[in-house]
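Structure assessment
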Amino acid sequence: MSEQIYTFRDPSFNLNEAYYYTLLIQVDAMSFSYAITYKKQLLAWDANCNLAELSDPQELANELTATYKKVIIGLPANGFTLVPAPLFSKNQAANYARLLDVKPDEKVFAQPLDTQNFIIYKVDEKIVSAVEKFDLDNAVYIGKGWITAAAENNPTGEDIYLHTENGRAEFLCLKNGTIRFYNSFEFQNEDDLAYYAALVVQELGLYPYNVHLKLSGSVKPEDKFSIRLTEFFPNVTFFNPQLLELPEQINSQQVLTLAALSLCESSEVL
């Protein structure tokens, strides 16, 4: 396997044609990644960019100030809760905010996560300020694309999707294409990850030998994390949907959640 890279430009990339392109931005607490695409073709990509570039672009001024056909921004959450769609109401925004213990320097967003659930989540205000020039109507919950991609993978009630990134593990179980369980946990080592996986399986009333654990993100085949998981779950595979046409030098797992943003619709600020 070739060594991982963190920047890419396709020879056909031309910002004079940006109006035909889509800009995808995935924001983390201290950095961001972005991709520029045309249909399913990846034209440009940079990872681990300085967060300050979003509000005051210098090195990426051309890429971040062009006029695009579409912009989608994935925002990280300091906390979230799911609300069944029939119970969701904008008029209850203050009550949802109390569930999240929103601080003065946080803003609350809401959007459908699937056909039956809304996600209400809070975001650090400095991150919101950094991206608001791109129009907050283009902002979505950072994990929504990955969840949508999993839902389109024809999952069964015994499939559990586990995505790891930046020391956080997201667990997802779907039934009939809608969310049965979704939660995230911070982890530090392989024992933490195995513990949370076992906890999720127990909460769902499933048996480890029947579960199909589908991994994505930073966990790699035969690393200490996946090996530890196989000690408890005999059916472990990797979830690797082909969302974009990628060059050989880019590992699709590096850009999975970023590429999956292309499957999303916008959020609402409450």
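Residues numbered from 1 in each chain as written. Predicted model: local features only at pLDDT ≥ 70, side-chain atom pairs only at ≥ 80, totals over all residues. Heavy atoms only, no water.

Tallying each qualifying case throughout the model produces 15 aromatic pairs. Ring plane angle 75° and centroid distance 6.2 Å describe the contact between Y19 and Y20, whose orientation is recorded as edge-to-face. Judged by relative accessible area, Y19 falls into the exposed class, the value being 56%. On the basis of relative accessible area, Y20 is assigned to the exposed category, the value being 54%. Between the aromatic rings of F187 and F225, the centroid separation amounts to 5.8 Å while the plane-to-plane angle is 80°, which identifies the pairing as edge-to-face. With F187 in the loop between β12 (178–186) and α6 (190–203) and F225 in helix α7 (residues 224–230), this residue pair connects regions lying 38 residues apart in the sequence. Look at F187 and you get buried, because its relative accessible area is 11%. Taking the relative accessible area as the measure of exposure, F225 reaches 17% and is therefore buried. An aromatic cluster of three or more residues is present, and its members are F80, F109, Y121, Y141 and Y182. (Phe/Tyr/Trp six-rings, centres within 6.5 Å; stacked < 30°, edge-to-face > 60°. Buried < 20%, exposed > 50% of the residue type's maximum accessible area, 1.4 Å probe, protein only. Helix = DSSP H or I, 4+ residues; strand = E, 2+ residues; numbered from the N terminus.)

This part is about unusual backbone geometry. Most peptide bonds adopt trans geometry, and most residues besides glycine take a negative phi value. Even without being glycine, D101 reaches a positive phi, approximately 50°. Residue placement: D101 occurs in the loop between α3 (93–100) and β7 (106–112). Its relative accessible area of 48% is what places D101 among the partly exposed residues. Although it is not a glycine, N176 adopts a positive phi angle of roughly 55°. Relative to the helices and strands, N176 resides in the loop between β11 (168–175) and β12. On the accessibility criterion, N176 (73% relative accessible area) is exposed.

Let us look at α3. The α-helix advances 3.6 residues per turn, and as a result positions three or four apart in sequence lie on the same side. Those residues of α3 not exposed but buried are Y96, A97 and L100. Looking straight down α3, one finds that the buried residues subtend no more than 100° of arc, so they occupy a single side. Of the exposed residues in α3, those oriented more than 90 degrees away from the buried face are R98 and L99. Its buried side turned inward, α3 meets β6 (79–84), β7 and β8 (117–124). (Arc of directions from axis to C-beta. Contact = heavy atoms within 4.5 Å.)

Next up on the list: the sheet that holds strand β4 (residues 41–50). Spatial strand order, β1-β4-β3-β2-β5-β9: 6 strands in an open sheet with mixed pairing. Looking at the sheet topology across the chains shown, the edges are occupied by β1 (7–9) and β9 (139–141). Each adjacent strand pair in this sheet contributes to an overall mean axis angle of 20°, direction not counted. For strand β5 (residues 70–75) and β9, the ladder comprises 3 bridges, and the chain directions are parallel. For L75, the partnering residue across the bridge sits in β9 and is Y141. (Pairing = 2+ DSSP bridges. Axes fitted to C-alpha atoms, helices over the stretch in contact; angles between N-to-C directions.)

Structurally, A150 is set in helix α5 (residues 144–151). Residues A150 and L60, spaced 90 residues apart in sequence, show a C-alpha to C-alpha distance of 32 Å. Not counting the four nearest positions on each side in its chain, A150 is found in contact with P155, Y161, L172, L174 and F239.

To continue, consider the environment of A44. By secondary structure assignment, the location of A44 is in strand β4. Taking the C-alpha atoms as reference, A44 lies 6.3 Å from D10; in sequence the two are 34 residues apart. If sequence neighbours within four positions are ignored, A44 has contacts with F8, R9, F13, Y34, A35 and I36.

To continue, consider the pattern of salt bridges. Scanning the entire structure with this criterion turns up 9 salt bridges. With a shortest N-O distance of 3.1 Å, R9 and E63 are connected by a salt bridge. Taken as a pair, R9 in strand β1 and E63 in helix α2 (residues 61–65) lie far apart in primary sequence, 54 residues in all. In this structure, R168 and E186 form a salt bridge, with 3.0 Å as the shortest nitrogen-oxygen distance. Here R168, found in strand β11, pairs with E186, found in strand β12; they are 18 residues apart in sequence, far enough to count as distant. Judged by its relative accessible area of 57%, E186 is exposed. (Salt bridge = Lys/Arg side-chain N within 4 Å of Asp/Glu carboxyl O.)

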